[in-house]
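Residues per chain, in single letters:
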Amino acid sequence: MRKLLRDIIFRTLTEAATDDCDVLAVFDFDDTLVTSNSKVIVMHANGTEEEMAPAQYAIYIPQKGDKFDYSQFDNVMDAKPTAIFSVFREMIHDCGVDSVAILTARGSNAQLAIKEFFNEQLGIHLKDIVTVGSSDPNAKALHIRKFANLYKPSVIHFYDDAESNITAVKKIAATHPDLQGIDVITHHIREEHL
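Attention in this report is confined to the structure presented alongside it. Please read these numbers as outputs of a predicted model, since none were measured by experiment. (Residues numbered from 1 in each chain as written. Predicted model: local features only at pLDDT ≥ 70, side-chain atom pairs only at ≥ 80, totals over all residues. Heavy atoms only, no water.)

Pairing within the open sheet is parallel, and its five strands lie in the order S8-S7-S1-S9-S10. Every other strand in the sheet has two partners, leaving strand S8 (129–131) and strand S10 (183–188) as the edge strands with one partner each. Taking each pair of neighbouring strands and ignoring which way they run, the sheet shows an average axis angle of 20 degrees. Summarising the sheet, strand S9 (residues 155–160) and S10 pair through six bridges and their orientation is parallel. If you follow Val155 over to S10, its bridge partner there is Asp183. Packing against the sheet, helix H4 (residues 111–122) makes contact with strand S7 (100–104) and S8, and its axis sits at approximately 150 degrees to S8. In the packing of helix H6 (residues 163–175) onto the sheet, contacts are made with S9 and S10, and the angle to S10 comes to roughly 170 degrees. (Pairing = 2+ DSSP bridges. Helix = DSSP H or I, 4+ residues; strand = E, 2+ residues; numbered from the N terminus. Axes fitted to C-alpha atoms, helices over the stretch in contact; angles between N-to-C directions. Contact = heavy atoms within 4.5 Å.)

Here you go:
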């Protein structure tokens, strides 16, 4: 019964999308849409270990000999939606599930857990969950360009908590020919939004 209800909601949301929704909203996952207890474990060359929350890891500069354990990010542990989640929900309500995408630094092993999270939270099946598997800001910027080529929207909204990712997306939006004519609007999500 619950699965049937989710399928009906999913169909209704998809059918509610209008043809004049020419906007794509791209959301980072950790510390943008949700907060969670997942940590990156850094094993330093001197043998010490350090646990980092996503916000700490986003600004961490790797040291020589560092080894990283991302296994906690293969699952969505104790995730709690942030205030920005309501923007995500409104976008789906107004324009359907094809108008949103998730762009996360998590690795590919996390894709299924993220899909299940949205299925449980909203009863929807997201088509675009991109796991870049890197904290390199350029990895996200290049995917914004790919989204522009794939969907050809007139506006792309990009929501992320890392200033470095915002800067990289602004730079590619200003310089890359594929993004000319597309209004790329960045939203830096700070702690007060969470």
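Applying the stated criterion across every chain, the model contains 14 aromatic pairs. Ring centres of Phe29 and Phe118 lie 5.9 Å apart, and the angle between their planes is 70 degrees; this geometry places the pair in the edge-to-face category. On the criterion of sequence distance, the pair formed by Phe29 in the loop between strand S1 (23–27) and strand S2 (34–35) and Phe118 in helix H4 is long-range, its members being 89 residues apart. For the pair shown, Phe29 and Phe118 are each scored as buried. With 6.3 Å between their ring centres and 75 degrees between their planes, Tyr60 and Phe68 make a pair best called edge-to-face. Here Tyr60 falls in the buried class, since its relative accessible area comes to 17%. On the basis of relative accessible area, Phe68 is assigned to the partly exposed category, the value being 26%. Taken together, the ring pairs connect Phe27, Phe29, Phe85, Phe88, Phe117, Phe118 and Tyr159 into an aromatic cluster. (Phe/Tyr/Trp six-rings, centres within 6.5 Å; stacked < 30°, edge-to-face > 60°. Buried < 20%, exposed > 50% of the residue type's maximum accessible area, 1.4 Å probe, protein only.)

Fair warning: the whole summary comes from geometry, so function is off the table for now.
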